[in-house]
Amino acid sequence: MAKLGKRTRAAREAFAGKENVTVEEAVELIKGNSNVKFDETVEIAMVLGVDPRHADQMVRGVVGLPNGTGKTVRVAVFARGPKAEEAQAAGADIVGAEDLMETVQSGKIEFDRCIATPDMMPIVGRLGKVLGPRNLMPNPKVGTVTMDVAEAVKNAKGGEVQFKVEKAGVVHAGVGKASFDADKLAENIRAFVGAVAKAKPSDAKGAYMKKISLSSTMGPGVSVAVDSAHAE
């Protein structure tokens, strides 16, 4: 425990007094203080000026990070016949229909992204209580209910990130790994912030992007100047 305490204290000291820094400064701080034995995920949290309890202020979307996430994404596809074959050929990890529904109902969820063809939605719909809370429910708005399953699998495997605002008006996501080059992390961060900016609801009043912070899995957070992350 002492070792962890020492590392945490050193990181906090390095971050002390640094607020509203540029994306590049934040990335350098995070990379310079990532010294655990695994490759930490760099995470972004954005506080938005919306109230997601109102449907017209919901913020959700998807963005392809230019440099990927650095994470292996396990993809499940609900499909039958030729579409099931297409999904398998594209590299889906699990493909099925009623059999996959029963597997998920039993509590066995061994995937990070779920895709379905439209004809499968009556089956997938029964899994709302299981998949919904995990943010795994296929949705046409983010391209996971589609006839083009091959493209959806390819996007999921290639660094596509979904985002959805939570109750407190916060959006968060992983935007790469601490081992990434600093410029690649910065590019991913700006791509993510840009996608959230485009998803701004027309009914959102006042400041839309209130606060942006970056952190690594085990490290403290640092606030980033909104105008550095997104040129409005």
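This write-up is about the structure you can find in this document. Since we're looking at a predicted model, the values are computed, not measured. (Residues numbered from 1 in each chain as written. Predicted model: local features only at pLDDT ≥ 70, side-chain atom pairs only at ≥ 80, totals over all residues. Heavy atoms only, no water.)

### Considerations on the overall build of the chain
Here is the rule: Put simply, DSSP H or I for four residues or longer makes a helix, DSSP E for two residues or longer makes a strand, and each gets a number counted from the N terminus. For a compact globule the rule gives 2.2 Å times the number of residues to the power 0.38, and the radius of gyration it is set against comes from C-alpha atoms. Working definition: with a 1.4 Å probe on protein chains only, accessible area under 20% of the residue-type maximum means buried, over 50% means exposed, and in between means partly exposed. We call two residues contacting when some pair of their heavy atoms lies within 4.5 Å. With residues, only the protein chains shown are counted as cover, and all accessible areas are computed by Shrake-Rupley using a 1.4 Å probe. For this count, His and the chain ends are skipped, Lys and Arg are scored as positive, and Asp and Glu as negative. Every charge is mapped to an atom, namely NZ of Lys, CZ of Arg, CG of Asp or CD of Glu.
Along its length, the chain carries nine helices and nine strands. What you see for the chain is a C-alpha radius of gyration of 19 Å, in line with the 17 Å of a compact globule of 232 residues. Here the C-alpha coordinates of the chain stretch approximately 60 × 45 × 30 Å along the principal axes. A burial count over the chain gives 44% of its 232 residues as buried. Taking all contacts inside the chain whose residues are at least 6 apart in sequence as the whole, residues at least 24 apart take part in 72%. Counting every atom, the chain has about 12,000 Å² of accessible surface; 50% of that belongs to carbon and sulfur. Within the chain, one finds 32 positive and 29 negative side-chain charges whose respective centroids are separated by 6 Å.

### Focus: the nonpolar core
For soluble globular proteins, the rule of thumb is that nonpolar side chains tend to be buried together. The condition is simple: Residues belong to a common nonpolar core when they are buried Ala, Val, Leu, Ile, Met, Phe, Trp, Tyr or Cys residues joined through side-chain atoms within 4.5 Å.
Of all hydrophobic cores here, the largest spans 39 residues; its most connected members are I44, M46, L48, F192, V196, M209 and I212. Looking at which element gives the most residues to this core, the answer is helix α8 (residues 182-198), with eight residues. When residues no more than four places from it in sequence are discounted, the contact partners of I44 are V171, H172, A173, V175, I189, F192, V193, I212, S213 and L214. With 16 residues, the next largest nonpolar core counts A76, A97, L127 and L136 among its residues.

### Brief notes about the packing of helix α2 (residues 23-32) against α8
As a reminder, the rule being used: An axis is simply a line fitted to the C-alpha atoms; with a helix, the fit covers only the stretch in contact. Between two such axes, the angle follows the N-to-C directions and lies from 0 to 180 degrees. Comment on the angle field: the value is read as roughly parallel under 35 degrees, roughly antiparallel over 145, roughly perpendicular from 65 to 115, and oblique elsewhere. By convention, the crossing between two helices is left-handed when the near helix turns anticlockwise from the far helix through less than a right angle, and right-handed when the turn is clockwise. Gly is put with the polar residues, along with every residue not named as nonpolar or charged; the nonpolar set is Ala, Val, Leu, Ile, Met, Phe, Trp, Tyr, Cys and Pro, and the charged set is Asp, Glu, Lys and Arg.
Viewed as axis vectors pointing N to C, α2 and α8 meet at an angle of 125°, and their least axial separation amounts to 9 Å. The angle between the axes of α2 and α8 places the two elements in the oblique class. Here α2 and α8 pass one another in a crossing that is right-handed. Where α2 approaches α8, its residues V23, E24, V27, E28 and K31 are matched on the opposing element by A182, L185, A186, I189 and R190. Residue composition of the contact of α2 with α8, by class: six nonpolar, no polar and four charged.

### Here we look at the pairing of strand β5 (residues 113-116)
Operational definition: Any two strands are treated as partners once DSSP identifies two or more bridges connecting them.
What you see with β5 is no split at all: R113 and I115 on one side and C114 and A116 on the other are buried throughout. Bridge analysis of strand β3 (residues 75-78) against β5 gives four bridges, and the strand direction is parallel. Along β5, the bridge assignment pairs V77 with I115.

### Considering the pattern of salt bridges
The condition is simple: Any Lys or Arg side-chain nitrogen found within 4 Å of a carboxyl oxygen on Asp or Glu counts as a salt bridge.
Applying the stated criterion across every chain yields a total of eight salt bridges. Taking the shortest distance from any N to any O, the salt bridge between R190 and E24 comes out at 2.9 Å. Remark: E24 occurs in helix α2 and R190 occurs in helix α8; sequence separation between them is 166 residues.

### Points about the sheet that holds strand β9 (residues 222-224)
Across the sheet, which stays open at both edges, the four strands sit in the order β7-β1-β8-β9 with antiparallel pairing between neighbours. Bordering the open sheet on either side are β7 (170-177) and β9, each of which pairs with just one other strand. Across the sheet, the axes of successive neighbouring strands diverge by a mean angle of 25°, strand direction being ignored. Examined bridge by bridge, strand β1 (residues 41-48) and strand β8 (residues 209-216) share seven bridges and lie antiparallel to one another. Looking across to β8, one finds that M46 is bridged to I212. The strands that α2 touches are β1, β8 and β9; relative to β9, the one it contacts most, it runs at about 160°. Most of the contacts of α8 go to β7, to which it runs at about 155°, and overall it touches β1, β7 and β8.

### Here's the deal with unusual backbone geometry
Positive phi is not limited to glycine here, since N135 has a value of about 60°. If you trace the backbone, N135 turns up in the loop between α6 (128-131) and α7 (149-157).

### Structural notes on the sheet that holds β5
Reading across from one edge, β4-β3-β5 is the order of the three strands in this open sheet, with parallel pairing throughout. Two strands bound the open sheet, and with one partner strand each, they are β4 (94-96) and β5. Neighbour-to-neighbour, the strand axes of the sheet open up by a mean angle of 15°, direction not taken into account. Seen against the sheet, α7 touches β3 and β5 and runs at an angle of roughly 165° to β3.

Function cannot be read off these values alone, since they describe shape.
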